[in-house]
Amino acid sequence: MRNAVSISSFLLLLLCTLPYASSVEEPGSPPVLGYRVIQCRPHDRRAFTQGLIYHNGFFYESTGLYGESSLREVRPDTGKVLREKRLPDRLFGEGLVLYRNRLIQLTWQAGVAYVYDRETFDQVGTFKYEGQGWGLTTDGKYLIMSDGTAWLRFLDADTFEEIRRIEVRAQGKRVPQLNELEYVHGEILANVWHTDLIAKISPKTGKVTGWVDLSELRRLSSAAFHIDVLNGIAFDAESGRVFVTGKLWPWIYEIELLPPESHPESSSASVSR
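Everything numeric here is computed off the predicted structure, so don't read it as measured data.

The rules behind the values
Residues numbered from 1 in each chain as written. Predicted model: local features only at pLDDT ≥ 70, side-chain atom pairs only at ≥ 80, totals over all residues. Heavy atoms only, no water. Core = buried A, V, L, I, M, F, W, Y, C linked by side-chain atoms within 4.5 Å. Buried < 20%, exposed > 50% of the residue type's maximum accessible area, 1.4 Å probe, protein only. Helix = DSSP H or I, 4+ residues; strand = E, 2+ residues; numbered from the N terminus. Contact = heavy atoms within 4.5 Å. 1 Å grid on protein atoms, 1.4 Å probe; cavity = no way out; pocket = protein on both sides within 12 Å on 5 of 7 lines; lining within 4 Å. Points joined across faces, edges and corners; volume = space filled by probe spheres on them. Nonpolar A, V, L, I, M, F, W, Y, C, P; charged D, E, K, R; others polar. Pairing = 2+ DSSP bridges. Axes fitted to C-alpha atoms, helices over the stretch in contact; angles between N-to-C directions. pLDDT = per-residue confidence, 0-100. Polar contact = N/O pair within 3.5 Å; in protein donor to acceptor, adjacent residues only side chain to side chain. Salt bridge = Lys/Arg side-chain N within 4 Å of Asp/Glu carboxyl O.

**Student:** When you look at the nonpolar core in this model, what are you seeing that I'm missing?
**Tutor:** If you look at the biggest cluster of nonpolar residues, it comprises 22 residues, and the most contacted ones within it are Ile198, Leu214, Leu217, Val244, Tyr253 and Ile255. Where this core is concerned, the elements lending two or more residues are β3 (32–42), α2 (215–221), β22 (230–236), β23 (241–246) and β24 (251–258). Ranked by the residues each element gives to this core, the list is headed by β3, at four residues. Not counting residues within four places of it along the chain, the set of residues in contact with Ile198 comprises Leu189, Ala190, Asn191, Gly210, Trp211, Val212, Leu214, Leu230, Ile233 and Val244. Ranked by size, the runner-up nonpolar core spans 18 residues in total, among them Ile144, Ile166, Leu197 and Trp211.

**Student:** Looking at this structure, how should I read the layout of surface pockets?
**Tutor:** Over the atoms a probe the size of a water molecule is rolled, and this reveals where empty space is left. Considered as a void within the structure, the largest pocket measures approximately 420 Å³ in volume. Of all the secondary structure elements, the ones that give two or more residues to the lining of the largest pocket are β4 (49–55), β8 (93–99), β12 (136–138), β18 (178–184) and β22. Among the elements that line the lining of the largest pocket, the one with the most residues is β4, at four residues. A class-by-class count of the residues in the lining of the largest pocket yields eleven nonpolar, five polar and three charged.

**Student:** Help me understand the sheet that holds β12 in this model?
**Tutor:** Backbone hydrogen bonds hold the strands of a sheet together, and the pairing may be parallel or antiparallel. Pairing is antiparallel across the open sheet formed by four strands, whose spatial order is β12-β13-β14-β15. On the outer flanks of this sheet lie β12 and β15 (162–167), each paired with one strand and no other. Strand-to-strand twist across the sheet, computed as the mean angle between neighbouring axes with direction ignored, equals 25 degrees.

**Student:** I keep staring at the confidence of the model for the protein and nothing clicks. Help me out?
**Tutor:** Low pLDDT marks stretches whose predicted atomic positions should not be read closely. Per-residue confidence for the protein averages 85 on the pLDDT scale, and 84% of its residues sit at or above 70. Predicted confidence for residues 1–27 stays below pLDDT 50, and this span has 58 contacts to residues more than four positions away or in other chains. Taken together, the stretch residues 262–273 has pLDDT below 50 and engages in 31 contacts with residues farther than four places along the chain or on a different chain.

**Student:** How should empty space enclosed by the protein be read in this particular structure?
**Tutor:** For the structure on display, the rule yields two cavities of 30 Å³ or more. Taken as a whole, the second largest cavity holds about 30 Å³ of empty space. Around the second largest cavity, the lining residues are Leu189, Ile198, Val212, Ile233, Val242, Val244, Ile255 and Leu257. At the level of elements, β23 and β24 are the ones that each hand at least two residues to the lining of the second largest cavity.

**Student:** What is the right way to look at the side chain of Asp147 in this model?
**Tutor:** Counting through the fold element by element, Asp147 comes out in the loop between β13 (142–146) and β14 (151–156). Taking the relative accessible area as the measure of exposure, Asp147 reaches 12% and is therefore buried. Within polar-contact distance, the side chain of Asp147 engages the side chain of Arg153 at 3.0 Å. Setting aside residues no more than four positions away along its own chain, Asp147 makes contact with Gln132, Trp134 and Arg153.

**Student:** What's the story with the sheet that holds strand β7 (residues 81–86) in this structure? I'm lost.
**Tutor:** In spatial order, the strands read β4-β5-β6-β7; together these four strands make up an open sheet with antiparallel pairing. Both outer strands of the open sheet, β4 and β7, are each paired with one neighbouring strand and no more. Between one strand and the next, the sheet's axes are offset by a mean angle of 15 degrees, whatever the strand orientation. Pairing of strand β6 (residues 70–74) with β7 involves five bridges; the strand directions are antiparallel. Note that in β7 the partner of Val74 across the bridge is Val81.

**Student:** Looking at this structure, I do not really get the pattern of salt bridges. What am I missing?
**Tutor:** Note on pairing: side chains with opposite charge can pair once their charged atoms come close. This model, assessed by the stated rule, comprises 18 salt bridges. Note that Arg218 is salt-bridged to Asp196, the shortest N-O span being 2.7 Å. Here Arg218 is found in helix α2, whereas its partner Asp196 is found in the loop between β19 (187–192) and β20 (197–201), with 22 residues between them in sequence. Residue Asp196 is classed as buried on the basis of its relative accessible area, which comes to 16%. In this structure, the salt-bridge partner of Arg241 is Asp236, at a minimum N-O distance of 2.9 Å. Owing to a relative accessible area of 22%, Arg241 belongs among the partly exposed residues under this scheme. Taken together, the shared-partner salt bridges in this structure form one network comprising Asp44, Arg46, Arg72 and Glu84.

Following this line, the structure appears as structure tokens:
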């Protein structure tokens with residue numbers, strides 16, 4: 001195992017110097033953006049990541065699995081969990097958002113979201129919703145929620161009342177199993193469950209305007225450890241940094257998104273349902 005970890009460390013150094021991208025097979029399909037890994041940060045390999053936030057120098061993370069679900073405050077440079085609030089064993093933690101100093105955490109099948117004070121982690125309220133809870137983010141005005149389908153719901157942040165919804169499509173086809181969400185520069189980034197893809201989505205139309213293919217990061221993360229799927233996007237609005245990780249992944253990657261033409265020599269990636 002020690003040799004495997006050493007090899008992975010070498011690959012990390014190599015990875016952080018290379019740009020990656022993918023071309024798209026079908027003419028007219030949404031472009032696949034390139035990316036560059038800026039930094040690799042340690043991540044708790046026991047964390048079944050369902051939601052990830054960056055705020056004021058800390059990560060806030062929602063983890064899943066029955067009997068293991070939690071809300072966490074994490075130090076980015078070491079991956080150390082500074083605070084943790086466990087959910088009851090009957091609940092499966094899901095998406096997480098910070099809104100007006102409140103952390104709102106979805107649950108998978110219980111139909112309830114829990115609201116916490118960010119500074120104390122004290123529970124200060126709950127919200128009810130229909131269907132499953134998967135991902136959660138905000139555009140600053142509304143909460144945006146995924147439920148495992150191709151639909152994204154826009155919710156009143158104070159009442160959780162649904163205001164509107166959009167159906168996400170790429171080339172006219174639905175894109176289901178939208179998972180963890182993050183609002184970045186006026187667009188929604190969404191992990192697509194069971195793929196290595198992040199969809200870049202127009203919040204007005206639901207149209208996929210681009211893809212980010214992170215299959216290289218998954219391959220690197222699985223070099224020495226057992227991991228699960230890609231899931232976890234955080235955005236530092238002050239610096240413009242984007243962070244990505246996955247369930248049981250050993251690292252959180254800080255990446256820079258690049259235009260698709262930045263690295264033409266590449267493999268192909270597409271989604272069809």
